[in-house]
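Next come the chains, spelled out residue by residue.
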Amino acid sequence: LAGRDYLDSDIKWVLSRAGSFVVESLEQGRSAYRPYHQALSDYLRQGYDPKQVQACFITTLRNTVPLLPGGGRDWRVAHPYVSAHLADHASNCGMLESVFVDPLFLLTAQTDRLLSVLDSNEGGVPRDLLNVYKGTVFHVRTKTLPEAAAYLGMVARQHGLKALSNQISQLPLQLPWEVSWAFWETPTPSHSLANG
């Protein structure tokens, strides 16, 4: 946004000179730094289009995730902040679908955060894709990554999303099983409201 690169030395300078305006908190066992007050955030964002700010965040956060050899990002090694909040940033600037179409992101993002974003942004993702995720979220929460991917591929086939199912079969995961084709009535989407 500023048109220049910032290094760790710049962050250290800010913390030493303006550290009282920054709050450190723990998020998933890691330090997270935020401005002390929302008014400071608002002041620093003056003159910027909020959607442009969010789009910049998305680009920056995506670029921290390494590329896979065959293309796409390896979301398995993403920083926990990215897994938890990328969808929030995408939702805030109308780019939710662009992150939601990546099956490895769906399998590794924090399910509760992602469901919360989806529930508050119904039109941000095509209905059939939304139904596939919601129909699989229990497995994403409870199964290993390869097993969850197999279920995601199966539910994608149930909903006629062959391209998504094919993408899943190309992921660098050892799927325990795959559904090559399917023909049945589309199920009603559902997901658990609480863990028991």
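Residues numbered from 1 in each chain as written. Predicted model: local features only at pLDDT ≥ 70, side-chain atom pairs only at ≥ 80, totals over all residues. Heavy atoms only, no water.

Undergrad: Please explain the overall build of the chain as it appears in this structure.
TA: Of the regular secondary structure elements, the chain holds 10 helices and 2 strands. N-terminal to C-terminal, the α/β element order of the chain is α-β-β-α-α-α-α-α-α-α-α-α. Dimensions of the chain along its principal axes, counting C-alpha atoms only, are 60 × 35 × 35 Å. Looking at the chain as a whole, 36% of its 196 residues are labelled buried. Contacts in the chain between residues far apart in sequence, at least 24 positions, make up 57% of those at least 6 positions apart. (Helix = DSSP H or I, 4+ residues; strand = E, 2+ residues; numbered from the N terminus. Buried < 20%, exposed > 50% of the residue type's maximum accessible area, 1.4 Å probe, protein only. Contact = heavy atoms within 4.5 Å.)

Undergrad: Explain the side chain of His-85 here, please?
TA: By the secondary structure assignment, His-85 is in helix H4 (residues 80-92). Given the relative accessible area of 14%, His-85 is considered buried. Those residues within four positions of His-85 in sequence are excluded, and the remaining contacts are Glu-27 and Arg-113.

Undergrad: I would appreciate a short explanation of the packing of aromatic side chains in the present structure.
TA: Each pair of aromatic rings is reported with the distance of its centres and the angle of its planes. Evaluated as defined, the whole model comprises 3 aromatic pairs. Ring geometry for Phe-100 versus Tyr-133: centroids 5.6 Å apart, planes at 75°, classification edge-to-face. Separated by 33 residues along the polypeptide, Phe-100 in helix H5 (residues 96-100) and Tyr-133 in helix H8 (residues 127-142) bring together distant segments of the chain. On the accessibility criterion, Phe-100 (0% relative accessible area) is buried. Aromatic side chains Tyr-151 and Trp-177 sit 5.0 Å apart centroid to centroid with 90° between the ring planes, which places their arrangement in the edge-to-face category. Placement of the pair is Tyr-151 in helix H9 (residues 145-158) and Trp-177 in the segment after helix H10 (162-169), with a sequence separation of 26 residues. Given a relative accessible area of 29%, Trp-177 falls into the partly exposed group. (Phe/Tyr/Trp six-rings, centres within 6.5 Å; stacked < 30°, edge-to-face > 60°.)

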